[in-house]
Amino acid sequence: MAELRERLRELASQPVQHGSTAEQAERAQQHAAEALARAQKARQHASAAYEHSAAAHDAAAVQHELLAGGEPSDAAEHRRRAREHRDLSSADRALSDREHV
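A quick note: this is a predicted structure, and the numbers were derived from the prediction, not measured.

1. Details of the environment of His52
With respect to the helices, strands and loops of the structure, His52 is situated in helix α2 (residues 22-67). The sequence separation of His52 and Arg93 amounts to 41 residues, and the corresponding C-alpha distance is 9.3 Å.

2. Digging into the pattern of salt bridges
By the definition in use, this model includes nine salt bridges. Note that Glu10 is salt-bridged to Arg7, the shortest N-O span being 3.2 Å. Of this pair, Glu10 and Arg7 both sit in helix α1 (residues 2-13), three residues apart, roughly one helical turn. Owing to a relative accessible area of 30%, Glu10 belongs among the partly exposed residues under this scheme. Taking the relative accessible area as the measure of exposure, Arg7 reaches 40% and is therefore partly exposed. When salt bridges that share partners are traced, they join Glu51, Asp58, Glu65, Arg86 and Arg93 into one network.

3. Notes on the side chain of Ser47
As for its placement among the helices and strands, Ser47 is situated in helix α2. Given a relative accessible area of 5%, Ser47 falls into the buried group. At 2.9 Å, the side chain of Ser47 forms a polar contact with the side chain of Ser96.

4. Here we look at the packing of α1 against α2
Packing of α1 against α2 leaves a shortest axis separation of 9 Å and a crossing angle of 165 degrees. Classified by the angle their axes make, α1 and α2 are roughly antiparallel. Between α1 and α2 lies a crossing of left-handed hand. For the pair α1 and α2, contact is made by Leu4, Arg5, Leu8, Leu11 and Ala12 and by Ala28, Gln29, Ala32, Ala33, Ala35, Leu36, Ala39 and Gln40, respectively. Split by residue class, the contact of α1 with α2 holds 10 nonpolar, two polar and one charged.

Cut-offs applied
Residues numbered from 1 in each chain as written. Predicted model: local features only at pLDDT ≥ 70, side-chain atom pairs only at ≥ 80, totals over all residues. Heavy atoms only, no water. Helix = DSSP H or I, 4+ residues; strand = E, 2+ residues; numbered from the N terminus. Salt bridge = Lys/Arg side-chain N within 4 Å of Asp/Glu carboxyl O. Buried < 20%, exposed > 50% of the residue type's maximum accessible area, 1.4 Å probe, protein only. Polar contact = N/O pair within 3.5 Å; in protein donor to acceptor, adjacent residues only side chain to side chain. Axes fitted to C-alpha atoms, helices over the stretch in contact; angles between N-to-C directions. Parallel < 35°, antiparallel > 145°, perpendicular 65-115°, else oblique. Left-handed = near helix turned anticlockwise from the far one by under 90°. Contact = heavy atoms within 4.5 Å. Nonpolar A, V, L, I, M, F, W, Y, C, P; charged D, E, K, R; others polar.

This is the structure:
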């Protein structure tokens, strides 16, 4: 997105060069603005997907924690898998936060 913003600034600040009409330059600037808007929307969708994934990992971790209270032979494995899902949830949330930037 930073690249798109920079390109938009470049297009807006450059004088019309030979071969390009004012209409073409304006249209290019408009396309750049539309691309930036689409990129922002894509980041929002990605962030939401990471949040949904994190919530699913949280739910799986809760289930494994509940199952750890069952058969003693499976308890350690369920605790390990619960920790794994908590770690994956944290990683997804970190990626979600990065997408908000």
